[in-house]
Amino acid sequence: MRILVTGGAGFIGSNFLNMFVPRYPEHSFVCFDKLTYAGNPLSLTGIDSAKNFSLEVADIADGDVVNRIFGDFRPDLVVHFAAESHVDRSIHDPGAFVRTNVVGTMQLLNAARALWKDPSSSTARFHHVSTDEVYGSLREEGAFTEDSRYDPSSPYAASKASSDHLVRAFHRTYGLPITITNCSNNYGPRQAPEKLIPLTILNALEGRELPVYGSGGNCRDWLYVDDHCEAIWKVIECGQVGQTYNVGGNEERTNIDVVRALCELVAQQTGRSAADVLGLIRFVEDRPGHDWRYAVDSSKLKRELGWEPTLRFAEGLARTLAWYIANPAWVKAVQAGEHQKWLEKNYDRRLRTANDGRTNS
Ligand SMILES: NC(=O)c1ccc[n+]([C@@H]2O[C@H](COP(=O)([O-])OP(=O)(O)OC[C@H]3O[C@@H](n4cnc5c(N)ncnc54)[C@H](O)[C@@H]3O)[C@@H](O)[C@H]2O)c1
């Protein structure tokens, strides 16, 4: 297969590529990524010289570029991770989220439709990676199923909901072979330090304050990123075209419980007293429109495709902390914006190589 992975330099996409590029040398993978602040080529260093891997630095919202990449690579499979993904940023700049998450998704769908002219006779697939945030907020009881009503709260969630609708509409209207996964909160290696778990790890290691929104009672269902990637692969291989599958970890935790668990782990790892690390916690003004609780019912994925999460939360957290401690160069480079300097230095050369002299906008 020729597999186009959008957003493959981001958190989940880079873990996906680091898992599957070496596992499947018979498939070729192209990472299609704009390398925004969240896209990090350092997350691809383990695979960037692999024969079955290459990187295209480009914008999914640019229709001409998308068509050119689809024409050159002719993917059989698109795994669509690329997105603006941080809720707080979406509150400050919703337009950027509509551009990438909605317009970008539409450009990819248009290009896939043009390439796979007769979808019924092909083995092509467009897999869209989405979030449980499209379903809105739960109170204390219940869990989201695939039939839950869409009710997004943040501009991020609204833009992802919109992209889900477009993906489904391309299936119903044009017969495009699609699948969708809606997953709960991921954690693990290579996540940008603006998100709760890496932010808490890095601040705790460096003795800085640990901000927690509101009362810290907001509850999320956590899934280790490798388990999410395996779920996506399972759906690509065995999922039914046109179907949506929810993916969750069965590991509900309040934000304050996550932060406290990380403080204890950091204290154990560094020999500092747990009280000192816990003393860094600061409750800060709540995020506007902050969803109270997410919980995901992934029984369809288990029943139909046999997928289940393999890693318990405590073990996954310990593994994540160990990764951040073992990779100070990655952390330092991200904090200093080094990956953006890499982009400035390598962008033109990479594009010249990839595009044979053409430029990319
Ligand atoms: N992180 C989670 O907990 C979580 C949970 C469920 C679903 N998701 C979904 O999974 C996907 C990946 O999430 P993530 O956490 O890895 O995000 P991320 O922010 O870490 O990575 C996003 C990637 O997309 C790239 N990108 C952004 N705009 C682009 C554009 N216009 N053109 C090309 N590339 C662009 C970025 O450079 C980056 O590499 C997203 O679609 C997100 O909605 C994330």
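All of the points below concern the structure found in this document. Note that this is a predicted model, so its numbers are computed, not measured.

### Details of helix H7 (residues 225–238)
For H7, built from 14 residues, the straight-helix expectation of 20 Å at 1.5 Å per residue is met to within 8% by its first-to-last C-alpha distance of 20 Å. What H7 keeps buried is the set Val225, Asp227, His228, Cys229, Ala231, Ile232, Trp233, Val235 and Ile236.

### Topic: the site of the ligand
Taken together, 28 residues lie around the ligand, and Ile12, Asp33, Ser85, Tyr156 and Lys160 are the ones closest in. Between the ligand and the protein, one listed contact pairs an oxygen atom with a backbone N or O atom of isoleucine 12 at 2.8 Å. The separation between a nitrogen atom of the ligand and a polar side-chain atom of threonine 100 is 3.1 Å. Within the complex, 96% of the 830 Å² of free accessible area of the ligand lies under protein. Broken down by secondary-structure element, the contributors of at least two residues to the shell around the ligand are helix H1 (11–23), strand S5 (125–131), helix H5 (155–174) and strand S7 (185–187). For the shell around the ligand, the leading source of residues is S5, giving three residues. Across the shell around the ligand, the residue classes tally to 13 nonpolar, eleven polar and four charged.

### Some words on the pairing of strand S9 (residues 219–224)
Along S9, six of the six residues are buried, which leaves the element largely enclosed by surrounding structure. Here S9 shows a buried face lined by Cys219, Asp221 and Leu223 and a second buried face lined by Arg220, Trp222 and Tyr224. Pairing geometry for S7 and S9, over three bridges, is parallel. Along S9, the bridge assignment pairs asparagine 186 with leucine 223. Relative to strand S11 (residues 252–254), S9 runs antiparallel, the two being bridged by three bridges. In the sheet register, cysteine 219 faces S11, and the bridge partner there is threonine 254.

### Here's the deal with the side chain of threonine 200
Positionally, threonine 200 belongs in helix H6 (residues 196–205). Assessed through its relative accessible area of 3%, threonine 200 is described here as buried. A polar side-chain atom of threonine 200 sits 2.7 Å from the main-chain carbonyl oxygen of leucine 196. Residues within four places of threonine 200 in sequence aside, it is in contact with Leu210, Val259 and Leu262.

### Let's talk about a nonpolar patch on the surface
A surface patch of nonpolar side chains, about 200 Å² in accessible area, is lined by Val98, Val103 and Met106. For valine 103, the position within the fold is in helix H4 (residues 94–115).

### What to know about empty space enclosed by the protein
Counted according to the given criterion, the structure contains two cavities of 30 Å³ or more. Here the largest cavity is characterised by a volume of approximately 70 Å³. Tyr37, Ala38, Asn40, Ala192 and Trp330 are the residues nearest the centre of the largest cavity, which is lined by 14 residues in total. Broken down by class, the residue content of the lining of the largest cavity amounts to seven nonpolar, six polar and one charged. Its volume calculated, the second largest cavity comes out at about 50 Å³. The class makeup of the residues in the lining of the second largest cavity is three nonpolar, four polar and four charged.

### Some points on the pairing of strand S1 (residues 2–6)
Counting buried positions along S1 yields four of five residues, so the element is predominantly enclosed. Considered for its hand, the β-α-β crossover made up of S1, H1 and strand S2 (residues 28–33) is right-handed. Pairing geometry for S1 and strand S4 (residues 77–80), over four bridges, is parallel. Across the sheet, isoleucine 3 pairs through a bridge with leucine 77, a residue of S4.

### Some remarks on helix H12 (residues 328–335)
For an α-helix, 3.6 residues make a turn, and residues three or four places apart therefore share a direction. Considered for burial, the residues of H12 that qualify are Trp330, Val331, Ala333 and Val334. Taken end-on, H12 shows its buried residues confined to a sector of 165°, consistent with a single buried face. Seen from the buried face of H12, the exposed residues on the opposite side, beyond 90 degrees, are Pro328, Ala329 and Lys332. Following H12 by one or two positions, glycine 337 has its phi on the positive side, about 70°.

### With respect to the packing of aromatic side chains
Taken as a whole, this structure holds 18 aromatic pairs when the rule is applied. Arranged with centres 4.8 Å apart and planes meeting at 70°, the rings of phenylalanine 16 and phenylalanine 20 form a pair that is edge-to-face. Placement of both phenylalanine 16 and phenylalanine 20 in helix H1 is noted, with a separation of four residues, approximately one turn of the helix. The burial state of phenylalanine 16 is the same as that of phenylalanine 20; both residues are buried. Grouping aromatic residues by their ring pairs yields a cluster made of Phe16, Phe20, Tyr24, Phe81 and Trp233.

### Structural notes on the sheet that holds strand S10 (residues 244–247)
With parallel pairing, seven strands are arranged side by side in an open sheet as S3-S2-S1-S4-S5-S6-S10. Either end of the sheet is taken by a strand with one partner, and the two such strands are strand S3 (53–57) and S10. Pairwise comparison of adjacent strand axes, ignoring direction, gives a mean angle of 20° for this sheet. Strands S1, S2, S3 and S4 of the sheet are contacted by H1, whose axis makes an angle of about 165° with S2. Against the sheet, H5 engages S5, strand S6 (178–183) and S10, with an angle of about 155° to S5.

The rules we used
- Residues numbered from 1 in each chain as written.
- Predicted model: local features only at pLDDT ≥ 70, side-chain atom pairs only at ≥ 80, totals over all residues.
- Heavy atoms only, no water.
- Helix = DSSP H or I, 4+ residues; strand = E, 2+ residues; numbered from the N terminus.
- Expected span 1.5 Å × (residues − 1).
- Buried < 20%, exposed > 50% of the residue type's maximum accessible area, 1.4 Å probe, protein only.
- Near = heavy atom within 4 Å.
- Polar contact = N/O pair within 3.5 Å; in protein donor to acceptor, adjacent residues only side chain to side chain.
- Areas by Shrake-Rupley, 256 points an atom, 1.4 Å probe, with all protein chains shown as cover.
- Nonpolar A, V, L, I, M, F, W, Y, C, P; charged D, E, K, R; others polar.
- Pairing = 2+ DSSP bridges.
- Contact = heavy atoms within 4.5 Å.
- Patch = residues over 30% accessible without salt bridge, like charges linked within 9 Å, V, L, I, M, F, W, Y side chains within 5 Å.
- Salt bridge = Lys/Arg side-chain N within 4 Å of Asp/Glu carboxyl O.
- 1 Å grid on protein atoms, 1.4 Å probe; cavity = no way out; pocket = protein on both sides within 12 Å on 5 of 7 lines; lining within 4 Å.
- Points joined across faces, edges and corners; volume = space filled by probe spheres on them.
- Right-handed = clockwise from strand over helix to strand, strands pointing away.
- Arc of directions from axis to C-beta.
- Phe/Tyr/Trp six-rings, centres within 6.5 Å; stacked < 30°, edge-to-face > 60°.
- Axes fitted to C-alpha atoms, helices over the stretch in contact; angles between N-to-C directions.

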